[in-house]
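# Fold and geometry: a report
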Amino acid sequence: MLRDRYAPQDLFALVPSAGLAFDPVLAQLDTLLDEDALYQRVRADLARRRPQTATRGRHSTPVEVLLRLLVVKRLYGWSYEETERFVADSLVLRQFCRVYLRPVPDDTTLIRWANLIGPDTVVALNDRAVALAQAARVTRGRKLRIDGTVVETTIRYPTDSKTLGDGVRVLSRLLRRAKGVLAGGVAVGREAFRTRTRSVRRLTQELHRVARRKGEQAAEGLKQAYARLIGIARASRRQAERAAAVLRDQATDRGRRLVDRFDHIRPLVDRAIAQAERRVLQGEAVPAADKLLSLFEPHTQAIRRHKPGKLTEFGRKVLLDEVEGGIVSHYAILDDVGLEHPHFIASLDAHQERFGHPPDLVAGDRGLSSPENEARARERGVRRVVLPQTGRASRERQQHERQRWFRRGFRFRAGAEGRIHVLKRDYGLDRCRDHGEAGFARWVGWGIVTHNLAQIARTVASRPARPGRRAA
């Protein structure tokens, strides 16, 4: 049964000689997390774990505790295991997370509950954090700067041989499980459950040796090795299809779960086989949008950034909208890897929705610049649009961009790079550790929500205390 909170207890009063207390930022964050709207959104998602989670069953970890533990995890950049260990060892964090003297939830428990919170809920939490920033006078939404960055996924450097090898390895693992469900697979035949991981491993090593050679003979040897690797992947694919057909007749839960896994992985293996045939055997250039870069994170995209030491990044592009006060008011995970200017108006509309008025100044880099964007921004009531023109500028355009307000706005835009650096360094937006497209959106959202709450807490805590009224 879903439980809201533990009975309140003051751990600091148990050891008064220790002088324990929240630091100013943690004290403000403690107040912000008491917001009922944040709590109710998370509770609604957790209540959907089972049909009767909200009313029946064993008492769960309180929703209040789970919300605070997830914020603490991203605030300090800990893993789930580290969160469990450090909170259990600290009276201050026990008090902040409202665990008190109860056992801290296990890291696997935290993972299960955290995966129930949907990406849409995290977006709603960020909207509520922006509303809290307005109420605390941290921001008024007068200035807006927009910039994009890449959040990498946790994958190896993608090659066709690795993707095919991963496909054979996963299919072989599922076939071993299917053999146990089918009581040894006597009815299907022993050959249907043959694992080919050793063949793939040997062939991959041969591919690496051949790839280091040069000349026409080496290129032909590489094609022959890839043809054999594709043949092994196709054989494993046929075995998986045969095993899944037999498992569909099984009425067990384990058999149905295996069928779902087979149905998920087989189309990805088909894409990997087709991609290797086009690129290696036929010599065709496969567009980046059609490439499968990882069997485990198929939503990963190859994004050319032309940065020194890292020309290509593998992940997803995220567009960030930041207002004055250091608050990220809106974020969007882009489906395409091209320019960002088609998403400029969507950012303005999101700002209007959250603040009720257009910004006085909007700034972006050349990736957002276009005459249509400038015209439509002015139509929406933006007084000052700072979007440097791409290419060779005319004399009139050069005079326009040399105006004092334009230069000041462009300097304001440069601060977006510092905000992105903070998000990557302190809040985990350098690389996503969650799996799947929904996990990626959840990871990015929690990092931004935690950053915004911490930014509000720091701003409020840094304000000087108002002097009390003098006695009459």
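For the structure given in this document, a descriptive report is provided here. Here the structure is a predicted model, which is why all the values come from computation and not from measurement.

Attention now goes to the side chain of Ser-329. With respect to the helices, strands and loops of the structure, Ser-329 is situated in strand β4 (residues 327-333). For Ser-329, a relative accessible area of 2% gives the class buried. With sequence-adjacent residues up to four places away left out, Ser-329 is seen in contact with Asn-126, Asp-127, Val-130, Asp-321, Val-323, Arg-354 and Phe-355.

Here we take up a positive patch on the surface. Together, Lys-143, Arg-383, Arg-384, Arg-404, Arg-407, Arg-408 and Arg-411 line one region of the surface with positive charge. With 4 residues, helix α15 (residues 404-426) is the largest single contributor of residues to the positive patch. With respect to the helices and strands, the residue Arg-407 is situated in helix α15.

Before going further, it helps to examine the packing of aromatic side chains. Under the counting rule described, the total for this entry stands at 6 aromatic pairs. Taken together, a centroid distance of 4.8 Å and an interplanar angle of 25° make the contact between Tyr-76 and Trp-78 stacked. Accessibility expressed as a relative area gives 37% for Tyr-76, which makes it partly exposed. Overall, Trp-78 belongs to the buried group, its relative accessible area being 18%.

Now for the nonpolar core. One finds Leu-29 and Phe-344 to be the most contacted residues of the largest nonpolar core, which totals 79 residues. Apart from the residues within four sequence positions on either side, Phe-344 is in contact with Ile-146, Val-362, Leu-368, Asn-373, Ala-377 and Leu-387. With 36 residues, the next largest nonpolar core counts Val-168, Leu-207, Val-269 and Val-280 among its residues.

Before going further, it helps to spend a moment on the environment of Arg-366. Within the secondary structure, Arg-366 is located in the loop between β5 (361-363) and α13 (371-379). Since its relative accessible area comes to 47%, Arg-366 is described here as partly exposed. In the structure, Arg-366 is positioned 23 residues away from Gln-389 in sequence and 6.2 Å away in space, judged by C-alpha atoms. When neighbours within four sequence positions are excluded, Arg-366 is seen to be in contact with Pro-388, Gln-389, Thr-390 and Phe-410. Within the structure, the side chain of Arg-366 is placed 3.5 Å from the backbone oxygen of Gln-389, a separation counted as a polar contact.

With that out of the way, let us pick up the packing of helix α4 (residues 80-88) against helix α6 (residues 107-114). Axis separation between α4 and α6 bottoms out at 8 Å; the angle between their running directions is 120°. With respect to each other, α4 and α6 are oriented oblique. Along this stretch, α4 crosses α6, giving a crossing that reads as right-handed. Where α4 approaches α6, its residues Tyr-80, Glu-81, Thr-83 and Glu-84 are matched on the opposing element by Asp-107, Leu-110, Ile-111 and Ala-114. Grouping the amino acids of the contact of α4 with α6 by side-chain chemistry returns 4 nonpolar, 1 polar and 3 charged.

Here we come to the environment of Arg-380. The topology assignment puts Arg-380 in the loop between α13 and β6 (384-386). Under the relative-accessibility criterion, Arg-380 is labelled partly exposed at 31%. For Arg-380 and Pro-358, which are 22 residues apart along the polypeptide, the C-alpha to C-alpha distance reads 6.9 Å. Not counting residues up to four positions away in its chain, the partners in contact with Arg-380 are Ile-345, Leu-348, Asp-349 and Pro-358. Within the local environment of Arg-380, its side chain forms a polar contact with the side chain of Asp-349, the two groups lying 3.0 Å apart.

A separate point is the side chain of Asp-166. Along the chain, Asp-166 falls in helix α8 (residues 160-181). In this structure Asp-166 comes out as buried when scored by relative accessible area, which is 10%. Contact partners of Asp-166, with chain neighbours within four places excluded, come to Arg-156, Leu-295 and Phe-296.

About the cut-offs
- Residues numbered from 1 in each chain as written.
- Predicted model: local features only at pLDDT ≥ 70, side-chain atom pairs only at ≥ 80, totals over all residues.
- Heavy atoms only, no water.
- Helix = DSSP H or I, 4+ residues; strand = E, 2+ residues; numbered from the N terminus.
- Buried < 20%, exposed > 50% of the residue type's maximum accessible area, 1.4 Å probe, protein only.
- Contact = heavy atoms within 4.5 Å.
- Patch = residues over 30% accessible without salt bridge, like charges linked within 9 Å, V, L, I, M, F, W, Y side chains within 5 Å.
- Areas by Shrake-Rupley, 256 points an atom, 1.4 Å probe, with all protein chains shown as cover.
- Salt bridge = Lys/Arg side-chain N within 4 Å of Asp/Glu carboxyl O.
- Lys, Arg positive; Asp, Glu negative; His and termini not counted.
- Charge placed at Lys NZ, Arg CZ, Asp CG, Glu CD.
- Phe/Tyr/Trp six-rings, centres within 6.5 Å; stacked < 30°, edge-to-face > 60°.
- Core = buried A, V, L, I, M, F, W, Y, C linked by side-chain atoms within 4.5 Å.
- Polar contact = N/O pair within 3.5 Å; in protein donor to acceptor, adjacent residues only side chain to side chain.
- Axes fitted to C-alpha atoms, helices over the stretch in contact; angles between N-to-C directions.
- Parallel < 35°, antiparallel > 145°, perpendicular 65-115°, else oblique.
- Left-handed = near helix turned anticlockwise from the far one by under 90°.
- Nonpolar A, V, L, I, M, F, W, Y, C, P; charged D, E, K, R; others polar.

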